[in-house]
Amino acid sequence: MQTITAIIRAKKGHEATMRQALIDVADHVRANEPSTIGFFISQDASDPCVFTTYERFADQAAMDRHNGSAAVARFFGIAKPILDGNVTLITATEISAKSNA
């Protein structure tokens with residue numbers, strides 16, 4: 001299982017736009033990416049400008065398809081001008097998981 005954790009900071013006042021852009025990606029994943037096993041979005045409770053995604057992929061090919069999708073390109077088109085700093089990306093191989101699904 002391949003994973004990506006992304007930490008994204010929106011400029012103050014652009015939280016709703018960032019939130020919707022991330023939800024749009026999640027909607028695309030749900031409808032079009034069966035090999036994306038999980039796509040989770042969180043918004044920091046103490047700083048609503050900070051978002052985190054945790055993404056789980058069946059394999060590297062699934063991750064590559066997701067990263068190369070029109071939905072991800074559209075997200076970055078919206079997000080780039082409202083980012084407050086660089087996106088922190090951690091790409092990893094999952095070594096342990098607990099799921100209730």
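That block above? That's the structure.
What counts, and at which threshold
Starting afresh in each chain, residues are numbered from 1 along the sequence in its written order. Local features in a predicted model are, by the rule used here, given only for residues with pLDDT of at least 70; side-chain atom pairs are given and counted only at 80 or more, and totals for whole chains, interfaces and linings are based on all residues. As a rule here, side-chain values come from all non-hydrogen atoms in the structure, and water together with hydrogens is ignored. Burial classes follow relative accessibility: with a 1.4 Å probe on protein chains only, a residue under 20% of its type's maximum area counts as buried, one over 50% as exposed, and anything between as partly exposed. Under the DSSP-based scheme used, a helix requires at least four consecutive residues in state H or I and a strand at least two consecutive residues in state E, with every element numbered from the N terminus. Strand pairing is assigned whenever DSSP detects at least two bridges linking the two strands. Contacts: residue pairs with any heavy atoms within 4.5 Å of one another.

## Here we look at the pairing of strand E3 (residues 50–57)
Part 1 of the argument: Counting buried residues along E3, six of its eight residues qualify, which places the element largely inside the surrounding structure.
Part 2 of the argument: Bridge count for strand E1 (residues 2–9) against E3 is eight bridges, and the pairing is antiparallel. Considered in E3, the bridge of Thr5 is made with Tyr54.
Part 3 of the argument: Note: strand E2 (residues 36–43) against E3, seven bridges, orientation antiparallel. What sits directly across from Gln43, in E3, is Phe51.
Part 4 of the argument: Hairpin connection from E2 to E3: six residues lie between these consecutive antiparallel strands.

## Points about the environment of Phe75
Part 1 of the argument: Position of Phe75 relative to the elements: it lies in helix H3 (residues 70–79).
Part 2 of the argument: Relative accessible area serves as the criterion here: at 5%, Phe75 is assigned to the buried category.
Part 3 of the argument: Each C-alpha atom, one on Phe75 and one on Gln20, is 9.5 Å from the other, the two residues being 55 residues apart in sequence.
Part 4 of the argument: Excluding anything up to four places from it in sequence, Phe75 contacts Ile8, Met18, Ala21, Leu22 and Val25.

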